[in-house]
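Spelled out, the chains give:
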Amino acid sequence: MASGKTHIFLDNSNIFGGAQRVAREKEEAPWPSVRVDYQNLFSIIRRNRTSLGYSMLAGSVPPGNDALWAAAQTAGFDTTLLRRVENDDGRLVEQGVDEAIHLRIGNTLLDEDNPGTLVILTGDGATTEQGSSFTKQVERAAKRQWNVEIWSWKLQLSPKLRDMRWKYPNYVTVYFLDEWYWGLIFIKGGVYKLKDEEITVLGRSTHGIRLTEEAFAEAIDCTPAANAK
């Protein structure tokens, strides 16, 4: 059994993008109005952990979201702020975020003397142009007898990443954030322009979050292997 520290890695672009997808499905909320209550998110993923090591939140800097980075830093997260860059067709795209997290996970596996627990918040199972991926890092950790917790929205979780639970059932657990949707997502009211149409959105605050054993048990992915893909 792993006896080392718990290290947390939050792929903010993926978690925030997943929140927008889920909010659109659950309550038809337009994506610009969706917000994540990070204080509640931190409370969920850090619950009852007594030996915390490194914590990292990485993602492109969202316009007007400086409060997120301040809250993350106050909570003890290292924040890797990577600006979006303009590609050939003029669109702003993300650069290097996934690779930055992959690298830090790899360094953690190498630097720690005792196997511990990796808490990885992402649903991204893709391989980057440089050949790195969350899936490979989860596999490397499991082979070294680390416990790995993958936290994601159901809609956002890649089958490749999810399949790690079947390949390494003794070391990998998948948790779905959907269990705490109403406590993690709030809607910022206002007038938003989407496809040349102005939409008025009523705001909604978050509800309380359940931090009970039952809530965490219900959040675990228990889908039979035959239906996992």
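Residues numbered from 1 in each chain as written. Predicted model: local features only at pLDDT ≥ 70, side-chain atom pairs only at ≥ 80, totals over all residues. Heavy atoms only, no water.

Asks: Can you explain helix α2 (residues 38–45)? Please cite residues and give values.
Replies: Of all eight residues in α2, six are buried; the element is thus mostly enclosed. For α2, every residue scored as buried is listed here: Tyr-38, Asn-40, Leu-41, Phe-42, Ile-44 and Ile-45. One side-chain oxygen of the residue at the start of α2 lies 3.2 Å from the amide nitrogen of Gln-39, identifying that residue as Asp-37. (Buried < 20%, exposed > 50% of the residue type's maximum accessible area, 1.4 Å probe, protein only. Helix = DSSP H or I, 4+ residues; strand = E, 2+ residues; numbered from the N terminus. Polar contact = N/O pair within 3.5 Å; in protein donor to acceptor, adjacent residues only side chain to side chain.)

Asks: Can you tell me about the packing of helix α4 (residues 97–111) against helix α5 (residues 134–143), naming the residues and giving the values?
Replies: The geometry of α4 relative to α5 is characterised by a closest axis approach of 10 Å and an angle of 10° between their N-to-C directions. Judged on the interaxial angle alone, α5 and α4 are roughly parallel. Residue-level contacts link Asp-98, Ile-101, His-102, Ile-105, Gly-106 and Leu-109 of α4 to Phe-134, Gln-137, Arg-140 and Ala-141 of α5. Here the contact of α4 with α5 is composed, by residue class, of five nonpolar, three polar and two charged. (Axes fitted to C-alpha atoms, helices over the stretch in contact; angles between N-to-C directions. Parallel < 35°, antiparallel > 145°, perpendicular 65-115°, else oblique. Contact = heavy atoms within 4.5 Å. Nonpolar A, V, L, I, M, F, W, Y, C, P; charged D, E, K, R; others polar.)

Asks: Any chance you could break down the packing of aromatic side chains for me, citing the residues and the numbers?
Replies: All told, the structure shown has nine aromatic pairs when counted by the stated rule. Ring plane angle 45° and centroid distance 6.2 Å describe the contact between Tyr-38 and Phe-42, whose orientation is recorded as tilted. Of this pair, Tyr-38 and Phe-42 both sit in helix α2, four residues apart, which is roughly one turn of the helix. Its relative accessible area of 8% is what places Tyr-38 among the buried residues. With relative accessibility at 4%, the residue Phe-42 sits in the buried group. Ring geometry for Phe-42 versus Phe-77: centroids 4.6 Å apart, planes at 25°, classification stacked. Here Phe-42, found in helix α2, pairs with Phe-77, found in the loop between α3 (66–74) and β4 (78–82); they are 35 residues apart in sequence, far enough to count as distant. (Phe/Tyr/Trp six-rings, centres within 6.5 Å; stacked < 30°, edge-to-face > 60°.)

Asks: Can you tell me about the pairing of strand β7 (residues 117–121), naming the residues and giving the values?
Replies: Most of β7 is tucked away: five of the five residues are buried. Of the two faces of β7, both are covered, the one formed by Thr-117, Val-119 and Leu-121 as well as the one formed by Leu-118 and Ile-120. Pairing geometry for strand β1 (residues 6–11) and β7, over five bridges, is parallel. Bridging from a neighbouring strand, Leu-10 pairs with Leu-121 of β7. In this view, the connection linking β7 to its parallel neighbour strand β8 (residues 147–152) by way of α5 has right-handed handedness. (Pairing = 2+ DSSP bridges. Right-handed = clockwise from strand over helix to strand, strands pointing away.)

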